[in-house]
Amino acid sequence: DVLKPMLEKLLEASPYSVILDQCCTSDEERQDVINASQREIDEAEEAARKIKEYGDNGNNSGGGEDEDLDVITDTFADTENGRVGSHNTVKERSKFIPLRLSMGERKMLRLVEATMACCDYTTDVDKLFKSSTRRTHAQMKKIASVLRGMVSSCDYNSGQTLLKEDNFSDYKNFFRQMFEIARRHKIMNPEKMRSEYGKLIYLLQDAVSPSIQPHLQFSCKGNIETVYKFLEEKDSLEILDDKLIDIATREILAEKKTRAQIGVEIKRKEKAVSILKQKYRTSSLSSDDIHLCLYSICDNDSFLNSNRVPVDKVIGYLHHFFSPGKIEEGYSLSIVSGEDGSRLSHSHDRQFYFALQSLTLWRDIIDDMFRLWAMAEEDLLSESITYSLKDTGQGMQRVQQSPLTYKSMQKILVRVQGKVHQWIGSNVIHLGDHNVPNSLTFIDKYTQVPRILSPIVSCLENIERICEEDDGIEKLVRDGF
């Protein structure tokens with residue numbers, strides 16, 4: 001109350017008074033602007049007070065954790081609709097969600113990234129040789145160089161011993177851990193290691209092949225550390241069935257929420273995490289372990305928000321602005337083969353359903369991306385299914401059958417066909433052929449979808465606001481489009 005008159009005088013005597021006069025037509029509106037910050041603070045304090053009361057009541061009433069759980073899940077049930085939905089449960093998804101890297105593991109990751117960045121493995125081995133023996137020799141030479149370099153970077157003396165004795169199997173646990181950390185990091189962050197990962201996975205593919213592995217005397221492939229595997233080893237899988245798991249692993253998105261609403265969601269998430277830690281902490285599973293698992297699952301939720309939500313929004317735009325049975329003048333979706341780059345001829349309604357089925361398929365693939373990635377690596381690093389080096393018209397490619405990825409993709413395709421009204425065109429899954437040589441190309445293809453759609457969605461969401469704020473942009477849009 002003491003500061004408000006001072007704020008009024010400051011606004012009246014400053015350049016901001018012009019802005020205030022433009023946006024406020026009455027004294028009530030001026031006062032509303034002045035009081036806005038205080039209202040936000042009051043709302044945030046009220047939200048924090050309510051959360052604290054819920055916690056205190058739960059502790060004092062004897063209900064304990066069960067009562068806290070009911071309060072959190074019931075009181076804030078109205079915000080459940082804002083969560084990104086997935087057809088998989090948290091428990092099912094956790095089987096393929098990698099664990100977050102620790103600080104020590106991040107140091108090891110930097111070594112692998114640096115090693116792959118300065119390595120030209122695929123350039124040197126994925127080319128024509130006079131004989132397969134010469135290519136095998138080149139592969140072995142390059143793989144040995146990478147392994148020796150990694151050991152030497154950590155310990156020079158060990159590197160010198162390895163150079164003399166070629167005892168790679170003595171360091172098998174080290175190599176498996178290093179490569180597993182890099183693979184785990186890439187799955188969690190598809191936008192990272194864009195060139196390094198390709199070289200790494202192809203190097204491992206050769207290292208586990210029947211022609212190279214006998215010389216190394218060990219397999220470089222290690223199992224990815226997942227949330228499910230970690231909790232299974234600790235005999236604590238029941239935490240994944242707890243009804244608080246959704247709240248504790250949810251990403252808090254700002255969107256169009258007020259500061260108070262965001263504060264409520266943060267407090268609610270923190271309370272859910274605290275309850276789960278207290279409830280499931282054991283001698284073998286510490287609070288830090290539970291925290292690691294919960295936030296690893298939260299990373300997956302963040303992945304879905306940033307990668308699948310753009311597809312969901314484009315599907316929403318398609319339904320909102322277009323109808324298969326109605327064509328607005330100037331807004332027909334029909335295409336003609338040979339015009340504007342089109343290779344097909346579709347009527348308006350046929351193109352509507354074609355776009356809808358494509359977007360729905362992309363959505364479900366991204367929703368199941370971590371599972372597909374696990375299957376893709378299993379196929380790529382299979383010791384029984386080898387590849388053949390062929391010129392597919394896009395350069396020399398490793399053409400390899402991928403049965404696990406193909407089977408997973410078939411299930412997704414059947415599910416999508418059940419969702420859409422009709423299926424347009426072929427339902428052939430290209431995998432292990434000249435179009436999609438192997439499962440690495442398959443994964444890379446579908447990780448590009450959100451990179452393409454996200455800028456489009458961002459533009460559509462902000463273009464009206466930008467046009468209102470900038471007359472030049474508005475003129476550009478109206479004249480150009």
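In short, a report on the structure. (Residues numbered from 1 in each chain as written. Predicted model: local features only at pLDDT ≥ 70, side-chain atom pairs only at ≥ 80, totals over all residues. Heavy atoms only, no water.)

Section: the packing of aromatic side chains
Going through the model one piece at a time under the given rule, you end up with 8 aromatic pairs. An aromatic cluster of at least three residues, connected via ring pairs, comprises Tyr 171, Phe 174, Phe 175 and Phe 218. Lying across the ring of Tyr 228, Lys 95 places its NZ or CZ 5.4 Å from the centre. Of note, Arg 398 hangs over the ring of Tyr 202, and the distance from its end group to the ring centre comes to 4.4 Å. (Phe/Tyr/Trp six-rings, centres within 6.5 Å; stacked < 30°, edge-to-face > 60°. Lys NZ or Arg CZ within 6 Å of the ring centre and 35° of its normal.)

Considerations on unusual backbone geometry
One non-glycine residue, Asp 166, lies in positive phi territory at about 55°. For Gln 217, which is not glycine, the phi torsion reads 70° and is therefore positive. Summarising the element assignment, Gln 217 is placed in the loop between helix 12 (213-216) and helix 13 (227-233). Judged by its relative accessible area of 60%, Gln 217 falls in the exposed class. (Helix = DSSP H or I, 4+ residues; strand = E, 2+ residues; numbered from the N terminus. Buried < 20%, exposed > 50% of the residue type's maximum accessible area, 1.4 Å probe, protein only.)

Examining the nonpolar core
Inside soluble globular proteins, nonpolar side chains tend to come together where they are buried. Ranked by internal contacts, the top residues of the largest apolar core, which has 100 residues, are Phe 179, Leu 216 and Leu 231. For Phe 179, the contacting residues outside a window of four places in its chain are Leu 147, Met 150, Leu 200, Leu 203, Leu 204 and Cys 220. (Core = buried A, V, L, I, M, F, W, Y, C linked by side-chain atoms within 4.5 Å. Contact = heavy atoms within 4.5 Å.)

Topic: the pairing of strand 2 (residues 396-399)
The pairing of strand 1 (residues 388-391) with strand 2 spans 4 bridges and is classified as antiparallel. The partner of Lys 390 across the bridge, within strand 2, is Gln 397. With antiparallel pairing between neighbouring strands as the criterion, strand 1 and strand 2 make up a hairpin whose turn holds 4 residues, including Gly 393 at a positive phi of roughly 95°. (Pairing = 2+ DSSP bridges.)

Concerning the environment of Lys 419
In this structure, Lys 419 sits in helix 20 (residues 403-419). Accessibility expressed as a relative area gives 44% for Lys 419, which makes it partly exposed. Those residues in contact with Lys 419 that sit more than four places away from it in its chain are Thr 360, Arg 363 and Asp 364. For Lys 419, the side chain forms a polar contact with the side chain of Asp 364, separated by 2.8 Å. (Polar contact = N/O pair within 3.5 Å; in protein donor to acceptor, adjacent residues only side chain to side chain.)

Quick look at the side chain of Ser 219
With respect to the element layout, Ser 219 can be found in the loop between helix 12 and helix 13. Judged by relative accessible area, which is 11%, Ser 219 ranks as buried. Here the side chain of Ser 219 touches Lys 221 through a polar contact of 3.3 Å, landing on its backbone nitrogen. Discounting chain neighbours no more than four positions away, the residues touching Ser 219 are Arg 176, Val 208, Gln 213 and Glu 383.

Quick word on the pattern of salt bridges
For the coordinates displayed, the defined rule picks out 26 salt bridges. Two residues, Glu 225 and Lys 229, come together in a salt bridge whose shortest N-O distance is 3.3 Å. The partner of Asp 479 in a salt bridge is Lys 475, and the shortest N-O contact between them spans 2.8 Å. Residue Asp 479 and its partner Lys 475 are located together in helix 22 (residues 471-480), separated by 4 residues, close to a single helical turn. Exposure class is identical for Asp 479 and Lys 475. Each is exposed. Salt bridges sharing common partners tie together Arg 308, Asp 312, Arg 363, Asp 364, Asp 367, Arg 415 and Lys 419. (Salt bridge = Lys/Arg side-chain N within 4 Å of Asp/Glu carboxyl O.)

A closer look at the packing of helix 18 (residues 348-367) against helix 20
When two helices pack together, you describe them by how their axes are tilted relative to each other and by the distance separating the axes. Across the interface, helix 18 lies against helix 20 with an axial gap of 10 Å and an inter-helix angle of 135°. One way to sum up the angle between helix 18 and helix 20 is to call them oblique. Once helix 18 is placed against helix 20, the crossing between them reads as right-handed. When helix 18 is examined against helix 20, the residues Gln 357, Thr 360, Leu 361, Arg 363, Asp 364 and Ile 365 are found in contact with a partner set consisting of Met 409, Ile 412, Leu 413, Arg 415, Val 416 and Lys 419. Of the residues belonging to the contact of helix 18 with helix 20, the class tally is 6 nonpolar, 2 polar and 4 charged. (Axes fitted to C-alpha atoms, helices over the stretch in contact; angles between N-to-C directions. Parallel < 35°, antiparallel > 145°, perpendicular 65-115°, else oblique. Left-handed = near helix turned anticlockwise from the far one by under 90°. Nonpolar A, V, L, I, M, F, W, Y, C, P; charged D, E, K, R; others polar.)

Notes on the state of the cysteines
The tally for this structure, following the rule as stated, stands at 0 disulfides. Unpaired in terms of disulfides, Cys 119 finds its nearest cysteine sulfur in Cys 118, a separation of 6.9 Å. (Disulfide = S-S within 2.5 Å.)

A few points about a nonpolar patch on the surface
Taken together, the side chains of Ile 452, Ile 456 and Leu 460 present a nonpolar region at the surface, about 280 Å² in accessible area. A relative accessible area of 46% means that Leu 460 is categorised as partly exposed. (Patch = residues over 30% accessible without salt bridge, like charges linked within 9 Å, V, L, I, M, F, W, Y side chains within 5 Å. Areas by Shrake-Rupley, 256 points an atom, 1.4 Å probe, with all protein chains shown as cover.)

Quick look at helix 17 (residues 309-321)
If you check helix 17, its first and last C-alpha atoms are 18 Å apart, about what 13 residues at 1.5 Å a residue would give, namely 18 Å. Those residues of helix 17 not exposed but buried are Val 309, Pro 310, Val 311, Val 314, Ile 315 and Leu 318. Those residues of helix 17 that are buried lie in contact with helix 16 (287-307), helix 18 and helix 21 (439-469). (Expected span 1.5 Å × (residues − 1).)

Section: the packing of helix 19 (residues 369-380) against helix 20
Orientation of helix 19 relative to helix 20, taken along the N-to-C sense of each, is 155°, at an axis distance of 7 Å. As far as their axial angle goes, helix 20 and helix 19 are roughly antiparallel. Here Leu 372, Met 375, Ala 376, Glu 378 and Asp 379 of helix 19 come into contact with helix 20, specifically with Pro 403, Leu 404, Thr 405, Ser 408, Met 409 and Ile 412. Looking at the contact of helix 19 with helix 20, its residues break down into 7 nonpolar, 2 polar and 2 charged.

What to know about the environment of Lys 390
By secondary structure assignment, the location of Lys 390 is in strand 1. Note on Lys 390: relative accessible area 38%, which makes it partly exposed. In this structure, the C-alpha to C-alpha distance between Lys 390 and Lys 127, residues 263 residues apart in sequence, is 9.3 Å. Excluding residues that lie within four positions of it along the chain, Lys 390 makes contacts with Gly 395, Met 396, Gln 397 and Val 399.

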